[in-house]
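These are the residues of each chain, in order.
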Amino acid sequence: MVDGETQRLVTALDERTRRLFGRSLKLRQVSAGGCNGCEADVNVLNTVVFDLGRFGIQFVASPRHADGLLITGPVTENMRLALQKTYEAVPSPKIVIAVGACAIAGGPFIDHPEVHNGADRVVPVDLYVPGCPPHPITILDALLRLLGRLAA
């Protein structure tokens, strides 16, 4: 159980950024070497149960069409350069979201010589969504709070 000081809710983007992304957010999902648990729960967000599109949030095939990245996995050495290039291909301003324990700090792979212990060791991260894997509702809640659609 996490104590009240450690557990923090997502705070909404600043007003300027919320005006840019608040009604329509396009994300490029990057699997950076995880076990596919987080990827599966991210994919569930596109089903009729969660219908992520009704909130104006969509996953896109190209980083050039994205407003930001949603990263899963501990960022293996084999994915480091690919993640950096994908990040650079997203036009500014951009948002980066790390989903799952691996993307946050390496998860069970922490300090392995072939992983980078999380996405923020490679690219700047704006939002961390904890869990192993985080439930789809947790991911959706974080995204909606980030966009200022849910109050604390």
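Note that this is a predicted model, so its numbers are computed, not measured.

Quick notes on the pairing of strand 1 (residues 25-31)
In regular strands, side chains alternate between the two faces of the sheet. The pairing of strand 1 with strand 2 (residues 57-59) spans three bridges and is classified as parallel. Looking at the pairing, Leu25 lines up with Ile57 of strand 2. Tracing the backbone out of strand 1, into helix 2 (residues 37-44) and back to the parallel element strand 2 gives a crossover that is right-handed. Sheet analysis places strand 1 next to strand 3 (residues 68-72), joined by five bridges and oriented parallel. Across the sheet, the residue bridging to Arg28 is Leu69, located in strand 3.

Some thoughts on the state of the cysteines
All told, the structure shown has zero disulfides when counted by the stated rule. Lacking any disulfide linkage, Cys35 is separated from the closest cysteine sulfur, that of Cys102, by 6.1 Å. A relative accessible area of 64% places Cys35 in the exposed class. The closest cysteine sulfur to the non-disulfide-bonded Cys38 is located on Cys132, 6.4 Å from its own sulfur. Judged by its relative accessible area of 11%, Cys38 falls in the buried class.

Quick word on helix 2
Of the residues making up helix 2, those classed as buried are Cys38, Glu39, Asp41 and Val42. On an axial view of helix 2, the arc spanned by its buried residues comes to 165°, and they lie on one face. Its buried side turned inward, helix 2 meets strand 1, strand 2, strand 3, strand 4 (95-99) and helix 5 (136-146).

Cut-off values and rules
- Residues numbered from 1 in each chain as written.
- Predicted model: local features only at pLDDT ≥ 70, side-chain atom pairs only at ≥ 80, totals over all residues.
- Heavy atoms only, no water.
- Pairing = 2+ DSSP bridges.
- Helix = DSSP H or I, 4+ residues; strand = E, 2+ residues; numbered from the N terminus.
- Right-handed = clockwise from strand over helix to strand, strands pointing away.
- Disulfide = S-S within 2.5 Å.
- Buried < 20%, exposed > 50% of the residue type's maximum accessible area, 1.4 Å probe, protein only.
- Arc of directions from axis to C-beta.
- Contact = heavy atoms within 4.5 Å.

Any functional reading would require information beyond the geometric quantities listed.
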